[in-house]
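Descriptive analysis of the structure
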Amino acid sequence: MHHIYHPSLHIQSNSTSNSNKIPFQSHLQLAHQTMASKPGILTDWPWTPLESFKYIILGPWVTETIYSIMVKDPKEWDLTNFSVIPFMLWRMLHNQLWISLSRYRTAKGTNRIVDKGIEFDQVDRERNWDDQILFNGILFFLANKYVPGASHLPLWRTDGVIITMLLHVGPVEFLYYWLHRALHHHYLYSRYHSHHHSSIVTEPITSVIHPFAEHIVYFALFAIPMLTVVFTGTGSIIAIAGYITYIDLMNNMGHCNFELIPNWVFSIFPPLKYLMYTPSFHSLHHTQFRTNYSLFMPFYDYIYDTMDKSSDTLYENSLKRKEETPNVVHLTHLTTPESIYHLRFGFASLASKPYSSAWYLWLLWPVTLWSMVLTRIYRRTFVVERNRFHQLRLQTWAIPKYGIQYRLKWQKESVNNMIEEALLEAEEKGASVLSLGLMNQGEELNRYGEVYVKKHPQLKVKLVDGSSLAVAILLNSIPKGTTQVLLRGNLTKVAFAVAFALCEKGIQVTVLREDEYEKLDKSLGTKSEGKLVTSKSYSSCKVWLVGDDLTEEEQRKANKGTLFIPFSQLPPKKLRKDCFYHTTPAMQTPTALENVDSCENWLPRRVMSVWRIAGILHALEGWEEHECGYTMSNIDKVWEACLKHGFQPLKVPTQSKS
C-alpha cells in the first residue's frame with residue numbers, strides 16, 4: 001500500500017512569509033467558528049425566501065423589454081437593454097464551464113494544488129452562486145433606465161475599452177487590495193468575509209460566495225470603470241460585457257484548484273508575474289490567510305510585502321504534479337441522457353442530492369443532445385470522482401454508455417470492449433482493485449466479469465462484482481423474526497445466493513412463477529431443505545426481495561405494509577404509499593471517507609452502493625482472489641470486514657417508522 005504525501009498542503013501549512021500567519025488547521029477552525037458567530041447586517045440576499053423562484057423578480061424588466069420590442073420601431077430599440085438577459089445567460093454558462101473543468105481536472109489530479117477534498121456543507125453553502133449574476137442583472141437594468149448615457153450604447157468604442165483597462169489596473173486593483181485587507185480585520189472578517197473563507201479548498205464558484213453586503217461593495221468598486229466610460233460618452237456594450245467577463249474569468253481561474261498557467265508565459269514576459277496571478281497564488285491566500293491579498297494583479301502584494309514567500313515554489317510544484325494513480329477504481333456508467341448533469345462535474349447542487357428529474361433540465365435539451373453526440377464520439381471511460389479513505393486513493397470512472405444500451409444485444413460487444421479497456425487501463429496505472437457497478441456485469445453481458453479474467457489470466461488488478469456484500473446486506477435488512485420471504489425478479493447471481501442463504505437459515509423462500517422455481521430448485525437441489533416453495537398467493541409474505549422485472553401489477557397485489565427490499569442495482573418504482581421501500585444494497589460511509597460531496601445515483605448523502613464498497617474492502621483487506629463469475633467470497637467474512645472499517649447498515653423503513 002502506498003503512503004499518501006500531500007505536497008501542496010505541506011508547502012502551504014509549513015511555509016511562512018511573515019509572523020502573522022495562521023496555521024492551516026487553526027485557520028480552518030477560525031473560518032467555521034467566526035462564520036456563524038457575528039453575522040453582520042445585509043448578510044442574506046433579499047430574495048433568499050424565494051429560493052428557486054428568485055428569478056421572478058426580473059419579471060418587470062423582462063416584461064418592459066418585450067413590450068418595447070413589440071410596440072417600438074426597430075430603429076428605436078435599445079440594444080443595451082436587450083443584451084442584459086443574454087449576458088446573464090452567458091455568465092451562467094461561463095461559470096458552469098469552469099465548474100465542470102475544475103472538478104474534472106482535480107479528480108484526475110493533474111496539476112492539482114490542494115489535496116484536501118470538499119464536503120456537502122461547502123456545496124450547500126455555494127449552491128446559490130448565481131445570486132451575484134441576478135444582482136448584477138438588476139443593477140444593469142436600473143442603470144440602463146436611470147443613469148444618463150447608459151442606454152443605447154454602441155457595440156464598440158476603442159477609447160472606452162482602453163479607459164476601462166487603465167482604470168482597472170489603477171484604482172480598482174489598488175482599492176480592492178486595501179478593501180481586502182480591511183475585510184481580514186477581525187471585526188469585518190467575523191461578520192462577513194469568513195463566509196468566503198469557510199471554503200479552504202476552493203472551486204470556481206467559491207469566488208462569488210460572499211454575503212450580500214460584500215457584493216454591494218464589490219460592485220461599487222467594479223462600477224468605477226463602467227460608470228466612467230458611460231459618463232464620458234466612451235462606453236460600449238462590448239467594453240462593459242468584456243470587463244465583467246474578464247472579472248469572471250480571473251475569479252474562476254483563481255479559485256479552480258489546479259494550476260493551468262504554463263511557465264513559458266512568464267518566461268517570455270517576466271513582468272507578467274506582477275500583472276496576473278495564478279490559481280496557486282490565490283490558493284495560498286485561502287490556506288495562509290494573511291498573504292496574497294491582491295485582486296488579479298500581485299503588484300500590490302510585492303509593494304506592501306504581503307507576498308507569500310512560497311508562492312513560486314507552490315506554482316512550480318503544482319505544474320509538475322502528474323495525474324493521480326488510483327488504488328481502487330469503481331466502474332459506472334450514465335443511466336439516462338440527463339444523468340450527465342447529476343455527475344459531480346455537472347450541476348454541483350444536483351449532484352449533491354439523490355438522483356431526480358428536475359423540470360428545468362427539459363430546457364437544456366440542446367445541451368443534452370450535444371452530450372449524447374459527444375458520448376458517441378468519445379468512446380473511452382473518463383474520471384468523474386475521486387475519494388480518499390485512509391491510505392487508499394479511490395476513483396470512479398464512467399463509461400459513456402446509457403442504461404438502455406446495456407439491454408441491447410447489438411451493443412453488447414461495444415460495452416464489453418469499453419469495460420475491458422477500462423480494466424486494462426486500471427491494470428496499467430497500478431490499481432489493485434476494479435469494482436463493477438450498475439449494469440457493467442451480468443450473466444448475458446460478460447458472465448459477471450468472468451470473461452475478462454479468463455481472457456487475461458495474468459491480471460494483477462482484482463475484479464470485484466460485490467455480490468457477496470450485496471447478499472450480506474440483504475440478509476441483514478430482513479426484519480428479525482421473519483419466517484417467509486417472497487423472491488420476485490430477474491434471477492441474478494445475487495438472487496441465487498440469497499435464496500440459498502435464506503434456506504440455510506430456515507427461512508421459507510416463496511416464488512410466484514414456475515420457471516423461477518425450476519431454476520432455483522435446480523441450482524439449490526437438496527440444499528433448499530424444502531424451504532423453497534412456489535405459490536400464487538400474495539397474502540402470506542410481508543417481505544419481498546425484488547429484482548429488475550418486478551411488474552406494477554405485482555406491486556399492487558402486495559399486502560398493505562409490505563416491505564420491498566431490492567436485490568438489483570436499480571430500485572423499483574415506488575407505487576404504493578401504504579408499503580415500505582428499502583434502498584438498493586448500500587451502506588452508510590464512515591466519516592474518514594474524504595471528498596464526499598455528491599450522491600451516488602438515487603442513494604442518500606454519504607451512502608454508497610455495496611458494489612462500490614466491495615472494491616474498497618477488497619483493497620483494505622488485501623484479498624487476492626477475484627470476486628466475479630459464479631464464485632462468491634465468504635459472506636460472513638465480507639460483512640465483518642465491512643463493519644470493522646466503519647461502514648454501517650441503513651435502517652430498514654419499517655424499523656425507523658415504528
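Since the structure is predicted, the reported quantities are computational estimates derived from the model, not experimental observations.

Tallying secondary structure elements over the protein gives 27 helices and 15 strands in all. On C-alpha atoms alone, the protein measures out to a radius of gyration of 29 Å, which is about the 26 Å that the 2.2 N^0.38 rule sets for 658 residues. Viewed in the frame of its principal axes, the protein has a C-alpha envelope of about 95 × 60 × 50 Å. When the 658 residues of the protein are sorted by exposure, 56% land in the buried category. Of all intrachain contacts in the protein linking residues separated by at least 6 positions in sequence, the fraction that spans at least 24 positions is 73%. A total accessible area of about 29,700 Å² is found for the protein, and carbon and sulfur atoms account for 61% of it.

Let us now look at helix 17 (residues 365-377). A turn of α-helix holds 3.6 residues, and therefore any two residues three or four places apart point the same way. Along its 13 residues, helix 17 runs 19 Å from first to last C-alpha, staying within 8% of the 18 Å computed at 1.5 Å per residue. Every buried residue belonging to helix 17 is among Thr368, Ser371 and Thr375, and all of these are buried. Angular distribution of buried residues about the axis of helix 17 spans 60°; they occupy a single face of the element. Set apart from the buried face of helix 17 by more than 90 degrees, the exposed residues are Trp370, Arg376 and Ile377.

What follows covers the pattern of salt bridges. Evaluation of the coordinates by the stated rule reveals 34 salt bridges. Between arginine 344 and aspartate 597 there is a salt bridge whose closest N-O contact spans 2.9 Å. Of this pair, arginine 344 sits in the loop between strand 1 (328-333) and helix 16 (348-351) while aspartate 597 sits in the loop between strand 13 (593-594) and strand 14 (607-609), placing them 253 residues apart in sequence. Look at arginine 344 and you get buried, because its relative accessible area is 7%. Relative accessible area serves as the criterion here: at 0%, aspartate 597 is assigned to the buried category.

Residues given the UniProt feature "transmembrane region" (unreviewed entry) here are residues 216-244 and 359-378. With 83% helix and 0% strand, residues 216-244 has its two end C-alpha atoms placed 15 Å apart. Helix makes up 65% of residues 359-378 and strand makes up 0%, while its end C-alpha atoms are separated by 28 Å.

Attention now goes to the packing of helix 7 (residues 131-146) against helix 10 (residues 212-231). Following both chains from N to C, one finds helix 7 and helix 10 inclined at 50°, their axes separated by 11 Å at the closest point. It follows that helix 7 is oblique to helix 10 by the angle criterion. Read as a crossing pair, helix 7 and helix 10 show a hand that is right-handed. Along its contact with helix 7, which presents Gln132, Phe135, Asn136, Leu139 and Phe140, the element helix 10 presents Phe212, His215, Ile216, Phe219 and Met226. Its residues assigned to classes, the contact of helix 7 with helix 10 shows seven nonpolar, three polar and no charged.

Let us now look at a nonpolar patch on the surface. There is a patch of nonpolar side chains on the surface, built from Phe174, Leu175, Trp178, Trp264, Ile268, Phe269, Tyr274, Leu275, Phe299, Ile303 and Tyr304 and spanning about 1,100 Å² of accessible area. When residues of the nonpolar patch are traced back to their parent elements, those giving at least two are helix 8 (158-183), helix 12 (263-268) and helix 14 (299-303). The element best represented in the nonpolar patch is helix 8, accounting for three residues. With respect to the element layout, tryptophan 264 can be found in helix 12. Tryptophan 264 gets classed as exposed once you look at its relative accessible area, which sits at 55%.

In this section: the sheet that holds strand 12 (residues 586-588). Ordered in space as 14-12-15, the three strands form an open sheet in which the pairing is antiparallel. With one partner strand each, in any of the chains shown, strand 14 and strand 15 (648-649) form the two edges of the open sheet. Running at roughly 85° to strand 14, helix 25 (residues 610-621) makes contact with strand 12 and strand 14 of the sheet.

What follows concerns the UniProt feature "domain: Very-long-chain aldehyde decarbonylase CER1-like C-terminal" (unreviewed entry) in the protein. With numbering matched to this structure, UniProt assigns "domain: Very-long-chain aldehyde decarbonylase CER1-like C-terminal" (unreviewed entry) to residues 485-649. Within the segment residues 485-649, helix and strand shares are 31% and 19% respectively, and the terminal C-alpha atoms sit 20 Å apart.

Right, let's get into the sheet that holds strand 9 (residues 543-546). By definition, the strands of a sheet pair up through backbone hydrogen bonds, in either a parallel or an antiparallel sense. An order of 8-7-6-9-10-11 is seen for the six strands of this open sheet, with the pairing classed as parallel. Bordering the open sheet on either side are strand 8 (532-534) and strand 11 (580-581), each of which pairs with just one other strand. On the sheet, helix 23 (residues 514-524) packs against strand 6 (484-488), strand 7 (508-511) and strand 8 and is oriented at approximately 165° with respect to strand 8.

A few words now on unusual backbone geometry. Even without a glycine there, the phi angle at leucine 42 is positive, about 60°. Relative to the assigned elements, leucine 42 resides in the loop between helix 2 (24-37) and helix 3 (59-71). Positioned with a positive phi, leucine 438 is a non-glycine residue whose angle comes to about 50°. In this structure, leucine 438 sits in the loop between strand 4 (433-436) and helix 19 (443-446). On the basis of relative accessibility, which here comes to 6%, the residue leucine 438 falls in the buried class.

The subject of this paragraph is the packing of aromatic side chains. Scanning the model with the defined rule gives 31 aromatic pairs in all. Taking the centre distance of 5.2 Å and the plane angle of 75° together, the rings of phenylalanine 299 and tyrosine 300 count as edge-to-face. Here tyrosine 300 falls in the buried class, since its relative accessible area comes to 11%. In this arrangement the basic side chain of arginine 191 is found over the ring face of tyrosine 187, its NZ or CZ atom lying 3.8 Å from the centre.

If you look at the biggest cluster of nonpolar residues, it comprises 57 residues, and the most contacted ones within it are Leu469, Leu487, Leu502 and Leu545. Ranked by residue count, the leading element in this core is helix 22 (residues 493-504), at eight residues. What leucine 469 contacts, discounting residues up to four positions off in sequence, is Val610, Ile613, Ala614, Leu617, Val638, Trp639 and Cys642. Trp61, Met226, Ile247 and Ile261 belong to the second-largest nonpolar core, a separate cluster that totals 53 residues.

The element strand 2 (residues 382-389) is extensively covered by neighbouring structure, given that eight of its eight residues are classed as buried. When strand 2 meets strand 3 (residues 392-399), the two strands line up antiparallel, connected through seven bridges. For arginine 388, the partnering residue across the bridge sits in strand 3 and is arginine 393. The hairpin formed by strand 2 and strand 3 contains two residues between the paired strands, and histidine 390 there has a positive phi angle of roughly 55°. Strand direction decides the pairing type here: strand 2 and strand 13, joined by two bridges, are antiparallel. For phenylalanine 389, the partnering residue across the bridge sits in strand 13 and is leucine 593.

Turning to the pairing of strand 10 (residues 563-566), a few remarks are in order. The alternating pattern of strand 10 places Leu563 and Ile565 and Phe564 and Pro566 on opposite faces, both of which are buried. Looking at chain direction, strand 9 and strand 10 are connected through four bridges and run parallel. Of the residues in strand 10, the one forming a bridge with leucine 545 is isoleucine 565. Of the crossover connections in this fold, the one passing from strand 9 over helix 24 (residues 552-557) to the parallel strand 10 is right-handed. For strand 10 and strand 11, the ladder comprises two bridges, and the chain directions are parallel. Each residue of the ladder has a partner; that of leucine 563, found in strand 11, is phenylalanine 580.

Calculation criteria
Residues numbered from 1 in each chain as written. Predicted model: local features only at pLDDT ≥ 70, side-chain atom pairs only at ≥ 80, totals over all residues. Heavy atoms only, no water. Helix = DSSP H or I, 4+ residues; strand = E, 2+ residues; numbered from the N terminus. Rg over C-alpha atoms; globule rule 2.2 N^0.38 Å. Buried < 20%, exposed > 50% of the residue type's maximum accessible area, 1.4 Å probe, protein only. Contact = heavy atoms within 4.5 Å. Areas by Shrake-Rupley, 256 points an atom, 1.4 Å probe, with all protein chains shown as cover. Expected span 1.5 Å × (residues − 1). Arc of directions from axis to C-beta. Salt bridge = Lys/Arg side-chain N within 4 Å of Asp/Glu carboxyl O. UniProt positions renumbered as here; feature names shortened; annotations may be inferred. Axes fitted to C-alpha atoms, helices over the stretch in contact; angles between N-to-C directions. Parallel < 35°, antiparallel > 145°, perpendicular 65-115°, else oblique. Left-handed = near helix turned anticlockwise from the far one by under 90°. Nonpolar A, V, L, I, M, F, W, Y, C, P; charged D, E, K, R; others polar. Patch = residues over 30% accessible without salt bridge, like charges linked within 9 Å, V, L, I, M, F, W, Y side chains within 5 Å. Pairing = 2+ DSSP bridges. Phe/Tyr/Trp six-rings, centres within 6.5 Å; stacked < 30°, edge-to-face > 60°. Lys NZ or Arg CZ within 6 Å of the ring centre and 35° of its normal. Core = buried A, V, L, I, M, F, W, Y, C linked by side-chain atoms within 4.5 Å. Right-handed = clockwise from strand over helix to strand, strands pointing away.

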